[in-house]
Structures are given as structure tokens and as C-alpha cells.
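# Per-entry structural report
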Amino acid sequence: MERNLFVYIWRRTRREQIWILIIILLSMPANFALLDLPKSIVNGPIQGRGFENGATQRLFSINLPVPGFLSDSGSLNLFRGLELHRVPALFLLSGTFLALVIINGMFKYYINTYKGRLGERMLQVLRFELFDRILRFPPADLHRVKPAEIATMIKDEVEPLGGFIGDAFVQPFFLGGQIVTSLAFIFIQNVWLGCVTIMLLAVQGLVIPRLRRRQLELSRQRQVSARALAGRIGEVIEDMSSIRSNDTANFQRADIVNRLTHVFSIRFALYQWKFFVKFLNNLLAQLTPFFFYAIGGYFATIGRLDIGQLVAVISAYKELPSPVKELIDWDQQRLDVEVKYHQVIDQFSAEGTLLPAAAPEPQRPLPRLNGDIVFDAVTVSDLSHEKLLDGLSFVMMLTDIVALVNADRGGAEVVTEAIAGLAEIDSGQINIGGRNLNDWPVSVTARRISYAGPEPFFPQSTLLDALVSGLKFAASPPPDPNARAVPKHLQIIEVEGVDLDFNRDWIDYDVAGSNGPGELYERIKAALLIVDLDNDAVSWGLDRQLDPRSDSETLQERLVAARGAFRNRLKEAGLTHLVEPFDPDKYCHQANIFENILFGTTRGNAAKLIEGSQLQKFLAKQRLDADLFRIGREIAATVVEVFSGITADNRLFAQQALMPAEEFAEYDQALKRLGPKTSFEQANRADRLRFVRLALNYIEPRDRLGLLDGELERRLVEARKALREQLGAGETDIVFYDPQTYNPAASIQENILLGRVAFGVASASDRVNGFVRTIVDDLGLRDVALKAGLSFDIGPAGKRLSRVQRQKLSMARALLRRPDLLVANGALSALDALSQGQVVERVLARARGASSDQRFGVVWAMASAQFAENFDRVLVLDHGKLVENAQAAK
Amino acid sequence: MMECGESIVSLLKQDVEVLRRVPLFAPIDTARLKLLAFTSQRLSFEADQVLFEQNEAGDTAYVLIDGSADVFVKAGPREVKVATVGRYDFIGEIAILCDVPRTATVRTTSRVEALVIQKDQLLELLRNFPDIAIAMIRELALRLNQTNQKLAALAQRQN
């Protein structure tokens, strides 16, 4: 990327800059006319000059000056103009003034939006170019960058560029022009005064930039320290587990305080210096009039200078400070932006050679790899020049199943990384199918070789997106070649030959060995089964809702049928007491009072409903508020009594679910305030709300205070029905429980249960989960659950998955691509021995062509030879050299 | 069999009465018993269900309210029944107090209702109310003595 900012800007925006220039030039006459017209209006029609005694003036006559031989009078009359009396002339000129204002305004609007758009577009282009560089960084350079610093550089540090680009060439051009015009005028009046002016301008021009140097240095420092701050914050978040387990949080606080103070001190110095320079600048600017008045005035008094000239010069000089100031401001902005630009560019220049730029899609069908893999005296060193691989040589067929084991610091992992193109080779070469690995286009090797590493990273996404993330090479062809999804004025960034439309389907079904999303789903299922993630996916799916778009009514009916089957199963096992079903006519003891009244799932915020006045009004209408108040008060009294003398942060508080520890004091006070005799009617609104809220949370089998009797339960069920009637059929925020229908706001498991697991029965939820699983399997709903589970959100950096699950997911992703070669590097190291053995076996069975899929080869670097039994060959490495190359012991 | 929702409503007060009958908790005043009852969970088990298994990690102790259970200790490949526990008996405390895995297996012989006391709860209780701790020491000492006497009797019989 060009180091000189102006070269960078000019190369990319040449045409646009010239266009703006032309437009501004075109706007000048209108601008000038607008400045000049008021004078004419005042002098002409308003004061009456030229209109004496009812005379008329000719307005708007256009005369084109031409050389003498074409016309006698020296000008050609193009338009005779209009003869007008005074008042019509006034109106016409005033109207013209208004028209000019509008025209000027429109010019200004166009110019500003054009400049703004240009600047913003170039900003995004610059950001893209920087991002593109990151994608092409060689591995060695990648290691030295901090993600947060790169992010802040691309996002924040180059932002001022947007505002500057539009003005980069245009501003100095016009400001310079204005200054030159004024100077010329002064010179014409009086040469000496002109010289004085120029001298003082020169002083300004020399002194100020020199003072600015210190400002530049400070600005550079500020940029670096702000960037470092962002980088450090990113690191702290990544490092959180060791900060917490080592109790070094205060050290982190001290570090950030130190950095923030540093940034502040730089900024403080910057401000002081900047405003000092401004002050000096203004001083110098006003110095010139001082000289004019003092020296020029002196010369005028002794008669050496014409007063008229002096006055003219002084008034001309009045025009100068404004463009000079603006030019100096522009220069300030230029310095600022240049510093930032250079700082950023320097960070993005790589020491090694960049990886190749984005290339057009290769020809279909993509060639397959076959033949041999040959390692020929391959040496790989690390940063301290220790040899990780030392002249390693071996040959294997692409379809071989090979395990790599380390005897002692062998470097088996490096072998896998080298094949996958993740490690740089110092000497020797790797050949695949007779061709050097580096000579193969990346699009073939990266797509036909799958790599699964020991610490896979997953950005936040659904499970499905994570699985297919290894298949997103190129955008599918647009359905209509001429249609453009993005409107033309938004197509700001294009890469030659590469379609970068994000909104198309990027999954390459072909490489995954399927001809569309349906078959892909089958392959996903197969992959999940191999890595033993299918049960997890089913679990996640049971907690999710059916997709309203894709899942049909028959599916919903099946779930309702599953409900009945589930209940029967429980009945047969004599375990109906594990689940209390939701019956619209009965009170559900395992749910709290609020849930019993609402009797449905909310799509929005349930807590809001409790606090809302709507609920209170409803309870009042049902005459339940007094009872709930009483119940709430008893609960509070019991809790306060039981916990009296215990401090609020005692862990015992956590053992009950009715009152959060922080509210204990509040309820204690409320009870004291009310006293034992106060009734509901006498209590104030806040207290009423308080106690009712407590009661709404009450569950008898859990809390065991004996506060619900059959009569109250009956009334609560009545209230339930009344609520349903009141809200009506059009209610969309609440989906009511109905034993006969499917509940779209509830998860699959909740739909099958349509009830609550009983409190107070040992191991109830485990056993219920077991039953649900069995029902799901028996009724063929496992697929449904698995599909729903694919929309599970794996969290930022896949944190909602355990390390074991992430490794399994990485392996599933690798298998889904139907590779010619699977390269695994400690890919299942987090699994326990038994599971690891099983998954490895299944992967190898697939590699050997157990299903109808093609065979593929496997190169697996493993921690110990324990799992290598099933492999065809075992290579043992010691200090980067091959020491054993044997058939695996069967 | 009982349908859910028709079960006998168990009140805090009943639980307090039960706890009062437990010899270990006898010297404790009502307020503290209420605290214990309030903060522990009530669970019901079916017949022939395992409360906990020997060598498993454990962080709960149980007070039996109703029903009975057998206590087994592994002896080689076999299990030996060492005790039967019933109403008002307090079991599972050794794993909590000594931070060891369960020292025995407890299997119900009938339907059992139990009050479950968490480790934190018990330790808090012992810290706050040393009387309970003293009573527990006494109980454990008595048990130890009983076991010693049984051992002695066994050894005598063998000779």
C-alpha cells in the first residue's frame, strides 16, 4: 500500500476529485452573484439610483465581448434584457436573490454530500484493503498481532480519513486561490504593504508548522497507547480464567489505570500545546493589521501613502484571515490524518511474503487429489531456530491410514501442520500426487484436505453454521445473472473476478457430497453420529422450539400424540407421580400461583407482567388480591422469623426460593410497619404489591407452608379461565396450555411433558428426561429433535460447548467435507480413553469406505500409540526424525 | 399409587416435629429446627431405590421421616448389611463431615420420605449452633462404641 497518503488518495479518487473541482468552479459565479446582488438591490431599486423620474433600467441584458472585427461596439448583444420600472425591478431582483440562494444551497448540498460520500466510500475501501492484508498475512506475522489491536486500528484509527479525503485536494486549491486573489489585490494597491503582508504570512507559514512537530509526536504516542489499551483489554478477557483462579484482578486494574493515566497525560499535553499554537497563530494573524495601522498610518500622515489605498488594503486584508485560518486548519487535519495513516500502514506491512490475493473460482469440477504424499528431507524450525522437523522423509499413499506418534519431542504435530499448509517449511519439499504442495492451488488443497486441530476455535453461531463453516468457499451463482442484489450506489468494494455477495448461499454442496440441503442434512446426521455428538444435539433440540417456518402441522400433531404416549409410558411404569400434567380445569401444584393463573408460555417478558398494573387490576377484579396479600404476608413472616439472627449473605438463604437475600431487610421493615393487625385495605399500594409479588412465587410442594387450600385453588382456576376470556383469542404474547394442541412458544420437551416435574420426588427430572428420550426415539421423533438442535447457539468462541464437544464438532466439520485426506492433530485429545477409541474407530471405518462414500486417507498425530492399533501404519518420530515406520500391531 | 397433586400436604410444622424426634436434634430449640426444616428439601423415594452408593461422592445427609432402608457395606465382591434405619434416623453425615466418599450404600425397603440436608447447610448449622455439634459427636461416639463392641463380640465368637 502506498506510503504517501496523497498518492494513495489520488490514485483511487482521481476522477472524483476532478469532478468536484469542476462543480465548485461552476458554482462560483452563482456564489459571487449572490454576494454582489444585495449591493445592487440596495443601490438600485431601494435607494432609487437609476430610476429617477420614472426612468427604467435595462436588466439582464447579456453582452458577449468580441473582437472588434466582428462588431462595432466591441460586444455582441445576446439578449436585449428587460426594461423595468423601479418597483417591478425591485421585485424581480429580490426574486432573483431568492433563486440564487436556492441555487447556491443546492450546489452546496450536492458538493457536501458528494465529498462526504466519497470520503466514506474510500474509508470502507481502505478498511477492506487492511482486512484483506490480514487474511494474507504469513503465519509468522500472524503470531505477533493482537486481535483487539487490529480491530481497533481498522475501525477507529482510520476513521478520520473519511472526513479528510473529500477535502484533500479541493480545499487547499480554493483556499489558496482566495488567498492569492486577496494578496494580488493588496499588491496592486501598494507594493510595500503587499510585501509586508507576504512577509508576515511567511512567518506564520514557517513558525506554525515547526511548532506542530511536537504535536505530531504527541499525536503518534497517543495513537499507539490507545491501540495498546484496546489490545490489553482484549487480552484480559481471553485470560479471565487464570486471572480469577490466581486472584490477580487488582493487578489488571492497576495495569489499566496506568494505561488510562498515560493516555490522559498525553492528551493533556496535546491539548495544551494545540491551543497554545492556536493562540500564537491568531496573534500573528492580527499582527499585520497592527503594522498597517501603525506603519501604514504613519506613512499616510506624512503624506507618503495614499489614504484611499491604505483603506482599500486594510479592507482587502480583512478578507485574508478567514481562508488563511481555514488553510491552517486543513493543514492541521492533514497532519493528524497522515500520522494516523502512517502508523496504521506500518503495522500492516508484513515481514514475510503475503499469501496470494483472492483468486477467481477455479474450474468445476474441482480436481481430486490422488497418488502419493512424499516428504523429502523436510526441515521446519521454530522462532528460536530449533529444528522441529529435521530432514524428515517418508512416503505414503494418499489413501493410507497413518498414525504419527512422538517418542520424544518428535514433531508429529508439525507434520500435520505442514501438510495442512499451516507451518512454513525451511528446506526440503512436500509433494502430493507428484506435484509440490506449494504449486497446487490453495483452492484445491484446502478444499480436498481436511484439518482438525487440538484447540479448534468456533465463532459464535448456531451448531449448523459451525458444522458447515468448512464448506463456505464461494457464493453460489446468482439465480438471475443480470439482477444485482445490492443497489448500484452501494457497490463500493469489489474484488476482481471474485463474487463477494454475502447474501447468497455459500455452502458448497458438491464438496460435501450432496446435491442440496436435504442430502446435506443426512450427511450432517451421519457425521454427528460418528463423533458421538448426536445425543448432545438431541438434548439441545429438545430444549428448543420447532421451527415455525419449516416444520409442518403433521409434526405438531405428532408431538401432541407423543404427549399421550409419554403419559401412558409413565402410567405403565407406575410413575405418574413424577409429572403433574397441565389440566385446564385443575390447579397444578408443581407450578407457582402466577404460572397457574397465566397458564401458558410467554413470548415476551414475564417479570414485566407481574409488576404491571394490569395484573393487579385483574387480581382485584377476581377478589384474589386480599388473599394473595395474606399469603404473602405469612410467607414473609415465616421467612423473617426463621432467618432472624442470620446475616443476609449467609449461604443458608440460597436454600430457599421464595425471597432473595437482598430483599430480606425490605420485607422485615414492611412487616414491622404493617404490624399484625393491618388488613389489606389499610395497607398502602407499595406494600400490597410487595406481598402479592411474594405470594405469586409460591409452590406448595416446594415451600411447604400449608398456605393453599382446595377452595383457594378452585378460585385460582376460575381466575385462570377469566384471564383467558379477558385476553381473548387474539392474544399473541401468551400461548395458553391446551392438552389437545401444540404450544408453539414452548420447547419440544415442554410440549411432550405439558406439565411440571414434581418437586420432592427423588431423581425425578433425571428419570423424566430418560423417559422423554425413550419416547422420542420410539416415536421416530429423534430426527426432529436433532434438526431442532442444529439451531443451538454455541456461544462466543463456542463457550457454551465443553472442550470435548468442541473437538468433536471440529472433527464432524472435517468429515462433512468428504475430503481426500483427513489430517488430524491431537483432534480428540480431550476425550477419555474409551470414547476416544470408539470415535477413532468409527472415523477410520468411514475412511476405509464403510459407507458408500469414497475412501480417504488419514494422517493422525496422536499423543500415544494406544489408539494406533487400528491404523495401517505407525510412524514414530524422535526429535524431528523418523525412527520407526512399521505396520501397526494388530 | 398416588397421583401427583393428591399427596398429603406436608407442612413445615410437621417437618419440625419430625426433626424434634431425631435424637441428634433433640436439644435444639424450635426456631433453629424451623430454619433447618425450611432450608432443606423433602424427597420421596420408592421401595428398593438407592439413596446413595458406597464410594460415590456425596454432599447431602438425610433424615428419614417415614419408611425404612437398609445400610450395606461392600466386603469384597459381596455386600454386607450392617444396619437398618427407619423413622427419625439420621444418615449420610460421615461423607459430609469427613469429606470422604460415601462409606456405605443405602437402599430403601419401602416407600421413604426423607428430609435432605445439604453439606453447606449442615456445616453452617454446626458452626452457628455448637450444641448440635456436641450432640453429633456424642452420637458418633456411641455408634463407634457399638461397632467396637460388635467387633469384640465377633472376635470372641471366632475364637
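Our subject in this report is the structure included herewith. (Residues numbered from 1 in each chain as written. Chains lettered and ligands numbered in written order. Predicted model: local features only at pLDDT ≥ 70, side-chain atom pairs only at ≥ 80, totals over all residues. Heavy atoms only, no water.)

## Looking at the overall build of chain B
Each helix and strand counted, chain B has 5 helices and 8 strands in total. Listing every helix and strand of chain B by position from the N terminus yields α-α-β-β-β-β-β-β-α-β-β-α-α. Here the C-alpha atoms of chain B give a radius of gyration of 17 Å, agreeing with the 15 Å that 2.2 N^0.38 yields for 159 residues. Counting across all 159 residues of chain B, residues that qualify as buried make up 41%. Across chain B, every contact between residues at least 6 apart in sequence was considered, and the portion connecting residues at least 24 apart equals 72%. When the accessible area of chain B is evaluated, it comes to approximately 8700 Å², of which 54% is carbon and sulfur surface. (Helix = DSSP H or I, 4+ residues; strand = E, 2+ residues; numbered from the N terminus. Rg over C-alpha atoms; globule rule 2.2 N^0.38 Å. Buried < 20%, exposed > 50% of the residue type's maximum accessible area, 1.4 Å probe, protein only. Contact = heavy atoms within 4.5 Å. Areas by Shrake-Rupley, 256 points an atom, 1.4 Å probe, with all protein chains shown as cover.)

## A short note on the sheet that holds strand S8 (residues 112–118) of chain B
Think of a sheet as strands paired side by side through backbone hydrogen bonds, with each pair either parallel or antiparallel. Residues and elements named next belong to chain B. Pairing within the open sheet is antiparallel, and its 4 strands lie in the order S1-S8-S3-S6. Edge positions in the sheet fall to strand S1 (41–45) and strand S6 (90–91), since each of these pairs with one other strand and no more. Looking at chain direction, strand S3 (residues 60–66) and S6 are connected through 2 bridges and run antiparallel. What sits directly across from valine 63, in S6, is phenylalanine 90. Contacting S6 and S8, helix H4 (residues 119–128) crosses the sheet at an angle of about 65° to S8. (Pairing = 2+ DSSP bridges. Axes fitted to C-alpha atoms, helices over the stretch in contact; angles between N-to-C directions.)

## Examining the pairing of S1(B)
All names here are of chain B. Among the 5 residues of S1, 4 are classified as buried, and the element is accordingly described as predominantly covered. For S1 and S8, the ladder comprises 5 bridges, and the chain directions are antiparallel. Opposite leucine 43, over in S8, you have alanine 114 as the bridge partner.

## Focus on the sheet that holds strand S5 (residues 78–85) of chain B
Residue and element names in this part refer to chain B. Spatially, the 4 strands line up as an open sheet ordered S2-S7-S4-S5, and their pairing is antiparallel. Two strands bound the open sheet, and with one partner strand each, they are strand S2 (50–52) and S5. Here the strands of the sheet are splayed against their neighbours by 30° on average, with no regard to which way each runs.

## Things to note about the nonpolar core
Judged by nonpolar contacts, the single largest core of 114 residues is most densely connected at Phe566(A), Met811(A), Trp860(A) and Phe871(A). Excluding its chain neighbours within four sequence positions, the residues that come into contact with Met811(A) are Ala452(A), Val531(A), Leu822(A), Ala824(A), Ala827(A), Leu828(A), Val843(A) and Trp860(A). Listed in part, the 74 residues of the second largest apolar core include Ile635(A), Val640(A), Leu674(A) and Leu35(B). (Core = buried A, V, L, I, M, F, W, Y, C linked by side-chain atoms within 4.5 Å.)

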